[in-house]
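Spelled out from the first residue to the last, the chains are:
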Amino acid sequence: MKQYLKKVIHGGNLTVEEMREAANYCFTDEVTESEIAALLTALQAKGETADEIAGLVDVIRGKSSFHTSPIPDAIDNCGTGGDQSYSFNISTTSAFVMAGAGLTVAKHGNRSISSKTGSADVLEHLGVSLSFKKEHVEEILLENKIAFLFAPHVHEALKPFTIVRKNLGLPTIFNAIGPLTNPIELDTQLVGVYRKEMLPMIAEALNKLGRRRAVVVTGAGSMDEASLAGENHLIILENGKLHPITLTPEEVGLPVYTLEQIRGGDPKENAEILLSVLKGKQGAYFDTVLLNAGLGIFTNGKAASIKEGIELARESILSGAALERLERLVDYSSKIPSEVY
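For clarity, every value in this text was computed on a predicted model and none was experimentally measured. (Residues numbered from 1 in each chain as written. Predicted model: local features only at pLDDT ≥ 70, side-chain atom pairs only at ≥ 80, totals over all residues. Heavy atoms only, no water.)

Enumeration over the complete set of coordinates arrives at 16 salt bridges. Arg 20 is the salt-bridge partner of Glu 17, the closest N and O atoms lying 2.9 Å from each other. Taken together, the positions of Glu 17 and Arg 20, both in helix α2 (residues 16-25) and three residues apart, correspond to about one turn of that helix. Residue Glu 17 is classed as partly exposed on the basis of its relative accessible area of 47%. The exposure class assigned to Arg 20 is partly exposed, which follows from its relative accessible area of 27%. One salt bridge connects Arg 325 with Glu 324, and the closest N-O pair in it is separated by 4.0 Å. The class for Arg 325 is buried, based on a relative accessible area of 10%. We classify Glu 324 as partly exposed; its relative accessible area is 37%. (Salt bridge = Lys/Arg side-chain N within 4 Å of Asp/Glu carboxyl O. Helix = DSSP H or I, 4+ residues; strand = E, 2+ residues; numbered from the N terminus. Buried < 20%, exposed > 50% of the residue type's maximum accessible area, 1.4 Å probe, protein only.)

Dropping the structure here:
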């Protein structure tokens, strides 16, 4: 461990294999909390690389008891958080729309950290369980096309890092890797990041993690979602190649809205917004979900263009398919023993 600490402290970058080894050490009694803190701090001060992110994510996913064999065409659409936009739960609402369009969505998420309401908070309010077991998740994904994986539940082995991060109280590599640690073997992935300069690094990390196709987006107004407030910056990963593009609301036939028009609130308010969108109520929330769900459908390859993805998203909502996916997930939740997290 000390050799890796010295390398990073002196500005050196760790290879994927070195990062894997350093991360594995952190789960043993041989490494102290001080050494873990030193590693996280040194990586942050130096600036993390795609290799370091991929190496750490590999280890974290491997430690999860939820790590599965590949589920055909599975996708996640989680953002890193941290954009301070206080928007409603865009990716969570979009996930049901994507599932209603026929995608298999392994939705990974947590409680509120940097926003008023996290995905787990709003789903819990709607009656979705946060304690699905691995066998539940696999069954629900196959039957319902969407399941929720509550991060603390599927990553219980992360306690050594959790304690150190809490004591440090500083940003670390973990602020960037949350969406990448989904233990389900994903085929494709849509990731939102609020810092545009992180787009290539996250895209390259997704490539190293084996995604067949992925899109990484920073929305207008530095959101970790696609936004209808202006120009969005995206990197499309396909066949190992990175393709940067920009996207505006006008290009896909959607209106422009300010960030204030998509503000959310507490779990009750955000649950009401989510339900209103899935029931087809038109407006800023609805169109923002169309954009993000459409982008997810395009990422998965079910649509040949983002515009076509948006139309499939619209059909998913107006047909009632998206709402049905939520209702069935709530029904599944009512039939399993509940645990508190």
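Continuing now.
Here we take up the sheet that holds strand β7 (residues 241-247). The strand order across the open sheet formed by seven strands is β3-β2-β1-β4-β5-β6-β7, and the pairing between neighbours is mixed. The open sheet terminates on both sides in strands that have one partner only, identified here as β3 (146-150) and β7. Neighbour-to-neighbour, the strand axes of the sheet open up by a mean angle of 20 degrees, direction not taken into account. As defined by bridge partners, strand β1 (residues 74-76) adjoins strand β2 (residues 104-109) across two bridges and the pair is classed as parallel. Considered in β2, the bridge of Ile 75 is made with Val 105. (Pairing = 2+ DSSP bridges. Axes fitted to C-alpha atoms, helices over the stretch in contact; angles between N-to-C directions.)

What follows deals with the packing of aromatic side chains. Evaluated as defined, the whole model comprises three aromatic pairs. Relative to Phe 161, the ring of Phe 27 has its centre 5.4 Å away and its plane inclined at 70 degrees; by these criteria the two rings are edge-to-face. Residue Phe 27 is located in the loop between α2 and α3 (33-46), and its partner Phe 161 is located in helix α9 (residues 159-168); the two are separated by 134 residues in the primary sequence. Judged by relative accessible area, which is 2%, Phe 161 ranks as buried. Seen in terms of ring centroids, Phe 88 and Tyr 285 are 4.9 Å apart; in terms of plane orientation they differ by 70 degrees. Their pairing is edge-to-face. With Phe 88 in the loop between β1 and α5 (90-100) and Tyr 285 in helix α13 (residues 284-300), the pair connects residues that are 197 residues apart, well separated along the chain. Since its relative accessible area comes to 2%, Phe 88 is described here as buried. The partly exposed category is assigned to Tyr 285, whose relative accessible area is 26%. Connected via pairs of aromatic rings, a cluster forms that spans Phe 27, Phe 161 and Phe 174. Stacked on the ring of Phe 298, the Lys or Arg Arg 213 has its end atom at 4.4 Å from the ring centre. (Phe/Tyr/Trp six-rings, centres within 6.5 Å; stacked < 30°, edge-to-face > 60°. Lys NZ or Arg CZ within 6 Å of the ring centre and 35° of its normal.)

Although it is not a glycine, Asp 73 sits at a positive phi angle of roughly 60 degrees. Following the sequence through the fold, Asp 73 ends up in the loop between α4 (50-63) and β1. Using a relative accessible area of 43% as the deciding quantity, one classes Asp 73 as partly exposed. Non-glycine residue Ser 222 carries a positive phi angle of around 60 degrees. Checked against the element boundaries, Ser 222 lands in the loop between β5 (213-218) and β6 (232-238).

Once that is clear, we can look at the nonpolar core. Core analysis: the biggest nonpolar cluster contains 71 residues, and Ile 184 and Leu 295 have the highest contact counts within it. If you tally residues by element for this core, the top one is α13, at nine residues. Those residues in contact with Leu 295, other than ones at most four positions away along the chain, are Leu 190, Val 215, Val 217, Ala 226, Leu 234 and Ile 306. Counting 45 residues, the second largest nonpolar core, distinct from the first, contains Leu 5, Cys 26, Ala 50 and Leu 56. (Core = buried A, V, L, I, M, F, W, Y, C linked by side-chain atoms within 4.5 Å. Contact = heavy atoms within 4.5 Å.)

The next subject is the packing of α5 against helix α14 (residues 306-318). The interhelical angle for the contact between α5 and α14, taken along N-to-C directions, is 90 degrees, at an axis separation of 8 Å. With respect to their mutual orientation, α5 and α14 come out roughly perpendicular. On α14, the residues that touch Phe 96, Val 97 and Gly 100 of α5 are Ala 313, Ser 316 and Ile 317. A breakdown of the residues in the contact of α5 with α14 according to their chemical character gives four nonpolar, two polar and no charged. (Parallel < 35°, antiparallel > 145°, perpendicular 65-115°, else oblique. Nonpolar A, V, L, I, M, F, W, Y, C, P; charged D, E, K, R; others polar.)

With that settled, consider helix α7 (residues 134-144). Residues of α7 that are buried: His 136, Val 137, Ile 140, Leu 141 and Asn 144. In a view along the axis of α7, the buried residues occupy a sector of 125 degrees, so they form one face of it. Buried residues along α7 sit against β2, β3 and α15 (321-334). Just downstream of α7, Lys 145 is the residue with a positive phi angle, here 75 degrees. (Arc of directions from axis to C-beta.)

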